[in-house]
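Each chain, written out:
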Amino acid sequence: MKVRLGGRGSQLSLAQLEIVRRALARRFEVEIVTFTTTGDRLSGVDGVVTGKDLFTREVDEALRDRRIDLGVHSAKDLPSQLPGGLAIAAVPLREDPSDVVVSRDGGRLLALPAGSRIGTSSPRRRAQVLSARPDLEVVPARGNVDTRIRRLREGRWDAIILARAGLARLNRLDEATEVLAPTDVLPAIGQGALAVVCRKGDLHLSELAAAIDHPASHRELLAERAVLEPLEAGCRAPVAGLAQTENEKIHLRAAVFSPDGSHILHEEAEGPSDRPEDLGREVARRLLARGAAELVAAARAPGES
């Protein structure tokens with residue numbers, strides 16, 4: 001049997017597809033099919049780019065149209081609700097979800113000179129950097145990992161913030177000058193995790209994908225993603241979260257930030273590992289009770305719902 005595995009054609013996505021391909025290839029022949037997504041086409045635009053499925057839409061459409069059998073996404077790119085008829089079938093073992101600093105002179109975030117230019121187009125990263133260092137200038141930085149690091153070296157920025165998982169999968173961890181502990185900079189929902197998506201009701205392919213599932217990583221992702229929908233958090237909302245499993249329980253931390261990082265709402269809770277989505281919804285309820293909806297609305301781009 002041949003399995004058609006679909007994903008983006010970027011260097012990082014190809015590395016992620018290869019991780020899944022190798023896992024599946026122990027039992028099946030696997031063909032990789034790549035797509036250029038809307039997000040890829042806009043990756044050179046250094047401005048506000050909105051949309052809930054910029055890096056997943058074309059892959060999901062191909063999956064629904066049966067042009068591929070399974071789709072592979074960076075879990076942090078998934079919209080809060082998957083398109084109708086699709087479901088997460090597997091989550092392989094998650095990489096370290098931390099963010100990292102890559103700076104031109106090797107400096108750490110708290111040691112950078114006042115006025116240093118920090119490149120990131122993530123509202124979540126922007127808010128947390130400004131919360132810790134309001135004297136820094138945070139400016140847009142789009143493009144793939146290679147493009148952003150090259151522009152950094154050319155002097156466009158003094159430092160950039162990236163996901164550690166991406167550098168690890170590209171064998172470029174030596175580029176990082178500092179790993180930001182999740183207790184200091186809370187990662188994006190799903191950061192470091194891969195989501196293998198299939199069509200609902202396709203039991204054969206669901207069972208095939210389940211063979212490469214890491215149950216703890218999968219449950220943690222479900223807990224984190226359950227925070228998003230009640231918040232109605234669009235792509236511009238600075239929302240962060242991290243679930244971690246220990247002794248059959250999941251500990252979940254989540255936060256919502258004002259765009260400038262001056263206002264932070266943080267909640268955490270613990271629950272049984274077999275009810276991850278209940279835990280996520282409870283943390284979201286607590287955030288909403290403290291005014292999270294107002295922060296999400298303040299961060300929403302004009303015309304975005």
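This is a predicted model, so every value here is computed, not measured.

Engineer: How should I be thinking about the overall build of the chain in this particular structure?
Structural biologist: Scanning the chain from N- to C-terminus turns up 10 helices and 13 strands. For 305 residues, the compact-globule formula gives about 19 Å, and the C-alpha radius of gyration of the chain, at 19 Å, lands near that figure. Projected onto its principal axes, the C-alpha positions of the chain cover 60 × 45 × 40 Å. Relative to its full complement of 305 residues, the chain shows a buried share of 56%. For the chain, the accessible area works out to roughly 13,400 Å², and carbon and sulfur atoms hold 46% of it. Here the chain contributes 44 positive and 44 negative side-chain charges, whose respective centroids are spaced 3 Å apart.

Engineer: Honestly, the pattern of salt bridges in this entry has me stumped. Any pointers?
Structural biologist: Side chains that differ in sign of charge can pair as their charged atoms come close. In total, this model carries 25 salt bridges according to the counting rule given. For the salt bridge of Arg-108 with Glu-178, the shortest nitrogen-to-oxygen distance reads 3.5 Å. You can see Arg-108 sitting in the loop between strand S5 (99–103) and strand S6 (117–119) and its partner Glu-178 sitting in strand S9 (residues 178–180), a full 70 residues away along the chain. Relative accessible area serves as the criterion here: at 10%, Glu-178 is assigned to the buried category. In this structure, Arg-172 engages Asp-146 in a salt bridge whose closest nitrogen and oxygen atoms are separated by 3.2 Å. One end of the pair, Arg-172, is in the loop between helix H6 (164–169) and S9; the other, Asp-146, is in helix H5 (residues 145–153), with 26 residues separating them in the sequence. Accessibility expressed as a relative area gives 17% for Arg-172, which makes it buried. For Asp-146, a relative accessible area of 37% gives the class partly exposed.

Engineer: So what exactly am I meant to see when it comes to the side chain of Arg-225 here?
Structural biologist: Structurally, Arg-225 is set in helix H8 (residues 215–231). This buried residue, Arg-225, is left without a salt bridge; Glu-229 holds the nearest opposite charge, at 7.4 Å. Discounting residues that sit within four places of it in the chain, Arg-225 has contacts with Leu-78, Pro-79, Ser-80, Gln-81, Leu-82, Ile-88 and Ile-189.

Cut-offs applied
Residues numbered from 1 in each chain as written. Predicted model: local features only at pLDDT ≥ 70, side-chain atom pairs only at ≥ 80, totals over all residues. Heavy atoms only, no water. Helix = DSSP H or I, 4+ residues; strand = E, 2+ residues; numbered from the N terminus. Rg over C-alpha atoms; globule rule 2.2 N^0.38 Å. Buried < 20%, exposed > 50% of the residue type's maximum accessible area, 1.4 Å probe, protein only. Areas by Shrake-Rupley, 256 points an atom, 1.4 Å probe, with all protein chains shown as cover. Lys, Arg positive; Asp, Glu negative; His and termini not counted. Charge placed at Lys NZ, Arg CZ, Asp CG, Glu CD. Salt bridge = Lys/Arg side-chain N within 4 Å of Asp/Glu carboxyl O. Contact = heavy atoms within 4.5 Å.

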